[in-house]
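Structural description and commentary
Listed below, chain by chain, are the residues.
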Amino acid sequence: MSSTTPTFLPDKRTGPDVDLPPPAAGAARGRARRRALNWLTAVGFQLPALVLFGVLVLLPILFALYAAFFRWGGFGMPSDYIGGDNFTRLFQDEVFLGDLWRCLVLVLLSLALQLPFALAMAVLLNQKVRGRAVYRMLFFAPYVLSEAITGVLFSMIFAPDDGLADRILGGIGLDGLGGEWFADPSTVMATLFLVMTWKYFGFHMMLYLAGLQSIPAELTEAALIDGANAWQRFRNVTLPLLAPTLRISVFLSVIGSIQLFDLVWVTTAGGPDHHSETMAVTMFQYGFKRYQVGYASAISVVMFGISLVFALAYQRFVLRRDLEGATTTMRGGGK
């Protein structure tokens, strides 16, 4: 037998004249390409939404801020520059100052009455009540109706003398409780808040129901075994775990009260004698009825500023823990 010694030929790819990139550099370039591709993909998906946001939201806000410094009737381009006179006039206007007060009243009433009522109904309908699905549907149905339909409906219900409310009160011998409802300055805000509660409490109730159903039943059962009564279980178990939902509900309620327009316009148009007018209604009156668009723009800028300041402060001091928890969860899920 003959044995052959293997001959090792030099690799043509390696040699003193060939410089191969280090493996780490190639991997880094690959990661950079992937990051660039991911960034371009994200931009491609978000670009249509960003364009629409810029055209339909950002540009109108900037133009309203620009128009607020002019005496402008809405025709042509603003040219009569008056500086901050519109804002000076705004905070000397008794109607607008009344709008601010009425906005505060609606916010306080919503937080003190509407939301607790919605929470109580949510807790009740979270129990094993016969027909609870029907009750949930009935209570949520008003929110599905548009504000215009709701306004027309309650304008007929609270019509003086011939309205359904007065007829029901008269039928049970309580004629003295009836009245002009929307036409009386002393009752218009209370009546309007009643309509608001009927319209919006179902939305908050469904929010609370969703939050209640996300609470593990084991915690309530453990509290029951420990001897806690119904109030103690609600206060020490249910309410703390429902707190994130409550905070979101409060935020939506306050912002909605600041921007309230449709329901007021259809039912009272701000009357009688401005006693139910809101900032949005005043803005509409000046912008589309009196053609003082510059002044109306100043009102819109103040409304936007109030909403923005409240949203930022609420996020900073109230929602911060919820947002930090969500961020932590997302980062933990990515590991």
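Summarised in this report is the structure supplied together with it. No experiment lies behind these values; they were computed from the predicted model shown.

If you look at the biggest cluster of nonpolar residues, it comprises 38 residues, and the most contacted ones within it are F158, L260 and I299. What L260 contacts, discounting residues up to four positions off in sequence, is L106, M196, Y200, T278 and A280. One finds Y208, L209, L242 and L246 within the second-largest nonpolar core, a separate group that totals 15 residues.

Let's shift gears to the layout of surface pockets. For the largest pocket, the calculated volume is near 600 Å³. In this structure, the largest pocket is lined by 18 residues; those nearest its centre are V123, N126, Q127, T220 and T238. Mapped by element, the contributors of at least two residues to the lining of the largest pocket are α4 (132–144), α7 (188–213), α8 (217–225) and α9 (230–258). Ranked by residues supplied to the lining of the largest pocket, first place goes to α9 with five residues.

Let's shift gears to the pattern of salt bridges. Inspection of the entire model under this criterion finds two salt bridges. For D80, the salt bridge is made with R71, and the minimal N-O distance between the two is 3.0 Å. The class for R71 is exposed, based on a relative accessible area of 53%.

Looking now at unusual backbone geometry. Omega for the peptide link from G271 to P272 comes to -5°, which places this bond in the cis form. Note on placement: P272 falls in the loop between α10 (262–267) and α11 (279–289). We note that D273 has phi near 55°; this positive angle belongs to a residue other than glycine. Mapped onto the elements of the fold, D273 is located in the loop between α10 and α11. Look at H274: it is not a glycine, yet its phi comes out positive at around 70°. Its place among the elements puts H274 in the loop between α10 and α11.

What counts, and where the lines are drawn
Residues numbered from 1 in each chain as written. Predicted model: local features only at pLDDT ≥ 70, side-chain atom pairs only at ≥ 80, totals over all residues. Heavy atoms only, no water. Core = buried A, V, L, I, M, F, W, Y, C linked by side-chain atoms within 4.5 Å. Buried < 20%, exposed > 50% of the residue type's maximum accessible area, 1.4 Å probe, protein only. Contact = heavy atoms within 4.5 Å. 1 Å grid on protein atoms, 1.4 Å probe; cavity = no way out; pocket = protein on both sides within 12 Å on 5 of 7 lines; lining within 4 Å. Points joined across faces, edges and corners; volume = space filled by probe spheres on them. Helix = DSSP H or I, 4+ residues; strand = E, 2+ residues; numbered from the N terminus. Salt bridge = Lys/Arg side-chain N within 4 Å of Asp/Glu carboxyl O.

What is shown is where atoms sit, not what they do.
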